[in-house]
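Single-letter residue listing:
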Amino acid sequence: MKKFIFQIILFGSIFSSVILLILSMADGDTDPFYSRFTSPKQKNMILGTSRAAQGLQPAQFQKILNRRIFNYSFTVVHSPFGKVYYESIKRKHNQEKGGLFIIAVDPWSISSWCSSPNDLSQFRENNLFLNKTNVVDLNPNIFYLLNNLSGEYSKILFKTNSNWKLHDDGWLEVSNLPMDSISVVNRISNRVKSYRLDYLPKTNLSSIRLKYLIKIITYLKEYGNVYLVRIPIHNRMLEIEKELMPDFDSIIKEGIDLSDGYFDLTPQNDSFEYTDGNHLYKDSGEKVSVILANLIKEKIPLHDSN
């Protein structure tokens, strides 16, 4: 019996060690979100949805502003403004003074897709990973992996993805997409059709989401400078957003007034390339990041290397 028990314990230890070894191999190729939960808590952050995740490149801000800044943006499904994102931001923030925060805003991020746009219990992000990940600075983050990979641990061992890479600074690089004119036009047309037919009819302004945008700005203002940005998109996408919320700037006026600056870059839409109309192509994302960094530099002198 003792030998049997010993063998069980030994087998369990070996099995646990193997599982831990596999989990420790997870990285920026595992999924488009995981690595954001393995870095330390951050002093400077980029916040928003996938437009910011793909479009704003921390390396460019560091070159110009001499600041290491972390991209803690996700998607319009996972990180619209609300209680879930607000609490996750607070977990990721290290509460050091002198921080720099860039918040990407758009009509979708302050809107709900449910029948009651101000009913927190119906918010789309409630049952997704941001609300299930209470530990956001552990490497390997076994809590995230066990809760969110749904048993698909082969993703860790076999790198099947070839179209994106999540960098250590939180930037989601999308690559290997065909960028010839026909492919781009087709993707833009499909994205525009999806937003017009699927999203626009069910999307409504949420005063609760707007309230949480203000709460996020107010919280971060205690620790540094906060800048709002409206990231460029294809003009066909902008037309839909104008239908949804033609008075967007007026709606977020309280947030603009609280911030240290608001930069609406959509008047420059025609100057950039897009993978699908909703997201900047990486070369254009670099250009937009440089433009935005220089605009911020004009607002406030930033000299430290934090």
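Above this text sits the structure in question.
Counting restarts for each chain, with residues numbered from 1 along the sequence as it is written. Since the coordinates come from a predicted model, pLDDT governs what is reported: local features require at least 70, and pairs of side-chain atoms require 80 or more to be given and counted, while whole-chain, interface and lining totals use all residues. Excluding hydrogens and water, the side-chain values take into account all heavy atoms of the structure.

Orientation is described by axes fitted as lines to C-alpha atoms, over the contacting stretch for helices, and by angles from 0 to 180 degrees between their N-to-C directions. Every helix listed is a DSSP run of H or I at least four residues long, and every strand listed is a run of E at least two residues long, numbered separately from the N terminus. Packing of helix H4 (residues 83–92) against helix H9 (residues 207–221) leaves a shortest axis separation of 9 Å and a crossing angle of 15°. On the basis of the axis angle, H4 is roughly parallel to H9. Viewed along their axes, H4 and H9 form a crossing whose handedness is right-handed. The segment H4 lies against H9, with Lys83, Tyr86, Ile89 and Lys90 engaging Tyr212, Lys215, Ile216, Tyr219 and Leu220. In this count, Pro and Cys sit with the nonpolar residues alongside Ala, Val, Leu, Ile, Met, Phe, Trp and Tyr, while Asp, Glu, Lys and Arg are called charged and the others, Gly among them, polar. Its residues assigned to classes, the contact of H4 with H9 comprises six nonpolar, no polar and three charged. Orientation labels follow simple angle bins: below 35 degrees gives roughly parallel, above 145 gives roughly antiparallel, 65 to 115 gives roughly perpendicular, and whatever is left gives oblique. The handedness criterion is simple: a crossing whose near helix is rotated anticlockwise from the far helix by less than a right angle is left-handed, and one whose near helix is rotated clockwise is right-handed. In what follows, a contact means two residues having at least one pair of non-hydrogen atoms within 4.5 Å.

Here helix H8 (residues 181–199) spans 26 Å end to end across 19 residues, near enough to the 27 Å set by a 1.5 Å rise per residue. The buried label applies to any residue whose accessible area, calculated with a 1.4 Å probe on protein chains only, is under 20% of its type's maximum; exposed applies above 50%, and partly exposed to all values in between. Those residues of H8 that fall on the buried side of the exposure criterion are Ser183, Val184, Arg187, Ile188, Val192 and Tyr195. Relative to the axis of H8, the buried residues are bounded by an arc of 160° and lie together on one face. H8 presents Ile182, Asn190, Lys193 and Leu197 as exposed residues on the side facing more than 90 degrees away from its buried surface. On the buried face of H8, the contacting elements are helix H10 (235–244). The span expected for a helix works out to 1.5 Å for each residue beyond the first. The directions from the helix axis to the C-beta atoms are what the arc is built from.

Counted residue by residue, strand E8 (residues 224–230) has seven buried out of seven residues, so it is predominantly covered. Strand pairing is defined by DSSP finding a minimum of two bridges between the two strands. With six bridges connecting them, strand E3 (residues 99–104) and E8 associate as parallel partners. Paired with isoleucine 103 across the two strands is leucine 228, which belongs to E8. With three bridges connecting them, E8 and strand E9 (residues 262–264) associate as parallel partners. Across the sheet, arginine 230 pairs through a bridge with aspartate 264, a residue of E9.

Pairing in this open sheet of five strands is parallel, and the strands run E2-E1-E3-E8-E9 from one edge to the other. Two strands in the sheet have a free side with no partner beyond their single neighbour: strand E2 (70–71) and E9. Against the sheet, H9 engages strand E1 (45–47), E3 and E8, with an angle of about 145° to E8.

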